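Observations on the model geometry
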Amino acid sequence: MSPAATRLRFEYKMRRRGGAVFYVNPARTSQRCAECGHVDPKNRIDRDRFECVRCGHATCADHNAGRNILHLGRKARTGGHPGMACGSNLAGGRKQEEDGSSQVAQAA
């Protein structure tokens, strides 16, 4: 299955279940530290390993990039408040739900 067909199928399945698909720009997510936010090409030791030159955080490069993409998605969907679900109210004391995204896939 082509990437475009996979994307369409995923969007269809999410809409059918009442969900939405969101897209974020993954630029520099492999160079950004998921712990301290420092961006530097030197953070990438090699293809598989990540080690932040500022704080020393070390992990699998794919896991680190995935955490950064999740953070960007949450931040974009909630207007700059990562980890806060749409409609949550900080002042009202409601429990914050975790959800993430940026650009909604339009329903056909």
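Predicted model, so just to flag it, every value in this text is computed and none were measured.

Cut-offs and rules
Residues numbered from 1 in each chain as written. Predicted model: local features only at pLDDT ≥ 70, side-chain atom pairs only at ≥ 80, totals over all residues. Heavy atoms only, no water. Helix = DSSP H or I, 4+ residues; strand = E, 2+ residues; numbered from the N terminus. Buried < 20%, exposed > 50% of the residue type's maximum accessible area, 1.4 Å probe, protein only. Contact = heavy atoms within 4.5 Å. Areas by Shrake-Rupley, 256 points an atom, 1.4 Å probe, with all protein chains shown as cover. Expected span 1.5 Å × (residues − 1). Salt bridge = Lys/Arg side-chain N within 4 Å of Asp/Glu carboxyl O. Phe/Tyr/Trp six-rings, centres within 6.5 Å; stacked < 30°, edge-to-face > 60°. Lys NZ or Arg CZ within 6 Å of the ring centre and 35° of its normal. Patch = residues over 30% accessible without salt bridge, like charges linked within 9 Å, V, L, I, M, F, W, Y side chains within 5 Å. Lys, Arg positive; Asp, Glu negative; His and termini not counted. Charge placed at Lys NZ, Arg CZ, Asp CG, Glu CD. Disulfide = S-S within 2.5 Å. pLDDT = per-residue confidence, 0-100.

**Here we look at the overall build of the protein chain**
Looking only at helices and strands, the protein chain has two helices and four strands in total. Looking at the protein chain residue by residue over its 108 residues, the buried ones come to 22%. In the protein chain, the proportion of contacts linking residues at least 24 apart, taken out of those at least 6 apart, comes to 39%. In the structure as shown, the protein chain presents an accessible area of about 7600 Å², 50% of it carried by carbon and sulfur atoms.

**Here's the deal with helix α1 (residues 3-16)**
With 14 residues, α1 extends 20 Å between its outermost C-alpha atoms, agreeing within 8% with the 20 Å of an ideal straight helix rising 1.5 Å per residue. Just downstream of α1 lies Gly18, where phi reads positive at about 85°.

**Description of the pattern of salt bridges**
Taken as a whole and assessed by the stated rule, the structure comprises four salt bridges. Residues Arg67 and Glu35 are paired through a salt bridge, measuring 2.8 Å at the closest nitrogen-oxygen approach. Taken together, the residues Arg67 in helix α2 (residues 61-77) and Glu35 in the loop between β1 (22-23) and β2 (49-51) connect sequence positions 32 residues apart. For Arg67, a relative accessible area of 32% corresponds to the partly exposed category. With a relative accessible area of 48%, Glu35 lands in the partly exposed category.

**Regarding the packing of aromatic side chains**
Tallied over the entire structure, the rule returns zero aromatic pairs. One residue, Arg7, lies across the ring of Tyr23, its end atom 4.0 Å from the ring centre.

**Let's talk about unusual backbone geometry**
Phi at Arg28 is positive, roughly 65°, even though this residue is not glycine. Given the relative accessible area of 57%, Arg28 is considered exposed.

**Structural notes on a positive patch on the surface**
Taken together, the side chains of Arg9, Lys13, Arg16 and Arg17 define a basic patch exposed on the protein surface. Checked against the element boundaries, Arg17 lands in the loop between α1 and β1.

**Looking at α2**
With 17 residues, α2 should cover 24 Å at 1.5 Å per step; its first-to-last C-alpha distance of 24 Å lies within 8% of that length. One or two positions beyond α2, positive phi appears at Gly79, with a value near 70°.

**Points about the state of the cysteines**
The tally for this structure, following the rule as stated, stands at zero disulfides. You can see Cys33 has no disulfide; the closest cysteine sulfur is in Cys55, sitting 3.7 Å from it. Accessibility expressed as a relative area gives 0% for Cys33, which makes it buried. The exposure class assigned to Cys55 is partly exposed, which follows from its relative accessible area of 40%.

**Here we look at the confidence of the model for the protein chain**
For the protein chain, the mean per-residue pLDDT works out to 81, and 74% of the residues sit at or above 70. Model confidence for the protein chain, summarised as mean pLDDT per element, is weakest for strand β4 (residues 103-104) at 48 and strongest for β2 at 98. Across residues 84-108, confidence stays below pLDDT 50; counting only partners more than four residues off in sequence or on other chains, it has 50 contacts.

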